[in-house]
Every structure is written in structure tokens, then in C-alpha cells.
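Here's the letter readout for the chains.
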Amino acid sequence: MKYFYYLYQLVVVLPVLVLSTIVTAIEVAIGCALGDGHFWGYYPGRWWARIIIRALLLSVKVEGRENLERDHSYVFVANHQGAFDIFLIYGFLGRNFKWMMKRQLRQVPFVGFACERSHQIFVDKRGPSKIRKTYEDAREILKEGYSVTVFPEGARTFTGHMATFKKGAFALADELQLPVVPLTINGSFQVLPRMRGFNFVNWHPLSLTIHQPIYPTGQGAENVEATLRQAYDSVMSALEPEFQGFVANPDQ
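Summary of the structure given here.

How each quantity is defined
Residues numbered from 1 in each chain as written. Predicted model: local features only at pLDDT ≥ 70, side-chain atom pairs only at ≥ 80, totals over all residues. Heavy atoms only, no water. Axes fitted to C-alpha atoms, helices over the stretch in contact; angles between N-to-C directions. Helix = DSSP H or I, 4+ residues; strand = E, 2+ residues; numbered from the N terminus. Parallel < 35°, antiparallel > 145°, perpendicular 65-115°, else oblique. Contact = heavy atoms within 4.5 Å. Nonpolar A, V, L, I, M, F, W, Y, C, P; charged D, E, K, R; others polar. Phe/Tyr/Trp six-rings, centres within 6.5 Å; stacked < 30°, edge-to-face > 60°. Buried < 20%, exposed > 50% of the residue type's maximum accessible area, 1.4 Å probe, protein only. Salt bridge = Lys/Arg side-chain N within 4 Å of Asp/Glu carboxyl O. Core = buried A, V, L, I, M, F, W, Y, C linked by side-chain atoms within 4.5 Å. Polar contact = N/O pair within 3.5 Å; in protein donor to acceptor, adjacent residues only side chain to side chain. Patch = residues over 30% accessible without salt bridge, like charges linked within 9 Å, V, L, I, M, F, W, Y side chains within 5 Å. Areas by Shrake-Rupley, 256 points an atom, 1.4 Å probe, with all protein chains shown as cover. Pairing = 2+ DSSP bridges. Left-handed = near helix turned anticlockwise from the far one by under 90°.

What about the packing of helix α1 (residues 2–34) against helix α3 (residues 43–55)?
At step 1: Packing of α1 against α3 leaves a shortest axis separation of 10 Å and a crossing angle of 180°. With respect to α3, the element α1 is oriented roughly antiparallel. Contacts between α1 and α3 involve Tyr 8, Val 13, Val 16, Leu 17, Ser 20, Thr 21, Thr 24, Glu 27 and Val 28 from the former and Pro 44, Gly 45, Trp 47, Trp 48, Ile 51, Ile 52 and Ala 55 from the latter.
At step 2: Partitioned by chemical class, the residues of the contact of α1 with α3 number 11 nonpolar, 4 polar and 1 charged.

Remarks on the packing of aromatic side chains
At step 1: Summed over the entire model, instances satisfying the criterion amount to 19 aromatic pairs.
At step 2: Geometrically, the ring pair formed by Tyr 42 and Tyr 43 is edge-to-face, given 4.7 Å between the ring centres and 70° between the ring planes.
At step 3: The class of Tyr 42 is buried, set by a relative accessible area of 1%.
At step 4: Taking relative accessible area as the criterion, Tyr 43 reaches 26% and is therefore assigned partly exposed.
At step 5: A centroid spacing of 5.0 Å and a plane angle of 55° characterise the contact between Phe 84 and Phe 87, whose relative ring orientation is tilted.

Thoughts on the pattern of salt bridges
At step 1: The full count for this structure, using the stated rule, is 3 salt bridges.
At step 2: Among the salt bridges present, the one from Lys 61 reaches Glu 63, with a minimum N-O distance of 3.3 Å.
At step 3: Judged by its relative accessible area of 49%, Lys 61 is partly exposed.
At step 4: Residue Glu 63 is classed as partly exposed on the basis of its relative accessible area, which comes to 39%.
At step 5: Each member of the salt-bridge network shares a partner with another, and the members are Lys 167, Glu 225 and Arg 229.

Let's talk about the nonpolar core
Generally speaking, a soluble globular protein has its nonpolar side chains buried in company with each other.
At step 1: Of all hydrophobic cores here, the largest spans 36 residues; its most connected members are Leu 56, Leu 58, Phe 84, Ile 89, Leu 93, Leu 183 and Leu 208.
At step 2: Within the residue set of this core, elements represented by two or more residues are α1, α3, β2 (75–78), α4 (84–92), β3 (97–102), β6 (180–186) and β7 (206–210).
At step 3: Take this core: its biggest share by element is 6 residues, from α4.
At step 4: With residues near it in sequence (within four places) discarded, Phe 84 still touches Ile 53, Leu 56, Leu 58, Ser 188, Val 191, Leu 192 and Val 201.
At step 5: Grouped together as the second largest cluster of nonpolar side chains are 25 residues, Ile 121, Ile 214, Leu 228 and Met 236 included.

Comments concerning the side chain of Asn 79
At step 1: Its place among the elements puts Asn 79 in the loop between β2 and α4.
At step 2: In terms of polar contacts, Asn 79 uses its side chain to reach the backbone amide nitrogen of Ile 185, at 2.7 Å.
At step 3: If we skip the residues at most four places from it in the chain, Asn 79 touches Asp 85, Phe 151, Glu 153, Met 162, Leu 183, Thr 184, Ile 185, Val 235 and Leu 239.

Structural notes on a nonpolar patch on the surface
At step 1: A contiguous nonpolar patch, built from Leu 7, Leu 10, Val 11, Val 12, Leu 14, Val 18 and Phe 198 and spanning about 640 Å² of accessible area, is present on the exposed surface.
At step 2: When you line up the elements, Leu 14 lands in helix α1.

Concerning the sheet that holds strand β4 (residues 121–123)
At step 1: The 7 strands are arranged β1-β7-β6-β2-β5-β3-β4 in an open sheet whose pairing can be described as mixed. The open sheet terminates on both sides in strands that have one partner only, identified here as β1 (60–63) and β4. Strand-to-strand twist in this sheet, taken as the mean axis angle between neighbours without regard to direction, amounts to 20°.
At step 2: Sheet strands touched by helix α9 (residues 221–237): β2 and β6. Its angle to β6, the strand with the most contacts, is close to 30°.

Here we look at the packing of α3 against α4
What describes two packed helices is the angle between their axes and the distance between those same axes.
At step 1: Interaxial distance between α3 and α4 falls to 8 Å at its minimum, and their mutual angle equals 120°. When the axes of α3 and α4 are compared, the pair comes out oblique. When you trace α3 past α4, the crossing you get is left-handed. Contact with α3, carried on its side by Gly 45, Arg 46, Trp 48, Ala 49, Arg 50, Ile 52, Ile 53 and Arg 54, involves Phe 84, Phe 87, Tyr 90, Gly 91 and Phe 92 of α4 and no other residues of that element.

Side note on the environment of Tyr 74
At step 1: Within the element layout of this structure, Tyr 74 appears in the loop between β1 and β2.
At step 2: Expressed as a C-alpha distance, the spacing of Tyr 74 and Val 180, which sit 106 residues apart in the sequence, is 5.9 Å.
At step 3: Residues in contact with Tyr 74, not counting those within four places in the same chain, are Asn 67, Leu 68, Glu 69, Arg 95, Leu 142, Tyr 146, Ser 147, Val 148, Pro 179, Val 181, Pro 213 and Tyr 215.

This is the structure:
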């Protein structure tokens, strides 16, 4: 059965992936040039992510949407199990947001072009001025009433376990006094673990747990540290038992 699934990926899913990615990138670019960048920067990507998940016949379970208030800005922080984290969050979180992503993703064909045109936030650490620009972009998005999504580990895991969280997203939430919402992803590591080169997707259920928002209880370093610890514990609490516990990520 596994080999039939691999054949299906080559014959059906790969053409769907390539075609839908090209069409989505063009749609985003034209839409953002002509109209509402927040609409065109989110909804085509959401549909694209859902198409890929559905084409691969992957099941998705989402818990905790009732924890989010309508028309409220949040800083979403999630564990980073694998490439399918992006499809899962984009397609099924159900909130209009911008990604904070590595600047290197700008080089990915079509995807990087669409992200640039839709004003996703590229995290550039090549100097103080570029770091400031990253956070200025994020502040503007949040001040406009939208949300941002961050992988605070900074890189995908090699083991399925969580590494440490970096403080950037929590400092941003602290500065603007916005709630942080932890997200736990399960299944993405089994679907497509991190590795070099091409690999087939494995069938495995995906789940997204949306935890209670963590509201600021003060402002400053103490609040940043407390929010980070609480968010980390929340994400960890909903991980599958085999991935519980800290494991260092070598490229973090």
C-alpha cells in the first residue's frame, strides 16, 4: 500500500503541487498589486495549503479554536516539526496573519516571490539595521489589527522533539502588550521529517492544538521570560508522548 501511495504522489500530487503553487503565486502577486494586500496575502495561501493537504489524503484535527476572540491580534508561536507545519497552520488555523520567516525562504521559486509580494515578514539578522526593520514590519502588521505567526525554535527539528524558544516573538508581544497564543503541532514530523534532498511523504494524521492565550501581566524582561516559559510548557504539554522532553537542535 505504501508504494501505491508513493506512485500516487508522483502521478497526481506532484503535478497538483507544482500547478497550484504557480497559480497561487501569480494570484497573490496580481491581487496584492491591485487591491487589499491583507486579503490576497492570506486567502490564496490558505486555499493552496488546503489543496496540498487534501491532495495527499492527510487527515487534520484542530482543537481550541474557541480560545480565540474574533478581530483580535495575536502572536502565535508553534513548535517546528517539519515542512508540513506551514500547510497545517496556513490552511487550518482560521486566522488572517503574516508569517515571520527566514530571509532565505525568499529564494524558494514562486513561494518566495508570493511571500515578498504579500509582505510576509522576512527575519534578517545580518546587522542591527536589518533586525530593526524586521521588527518594524511586524509592529505595523500587529498595529493594523492582524496577527503574526512565529516558529520560536528558529529551525525545524531533526528529532521531533522541541529545542529552546528564542525571545524575539515574546519581546515583540511584550512591547505591544499583546497576547501570545501557543500552538502545538503533531504529526508533521512523521509526514515529512527533516532531511536532505527529495523524499516521499508518509501518510500520518496531523493535529493542531490552539492553547489559551497568554496575556501580559506586566511589561519588560520579567514578563518576556514568564510568557516564554508558559508558552513553551503549553506547547510541550500537548505533544505526543514520544516527543515529550527537550532535545537540543544542532542548527538552532
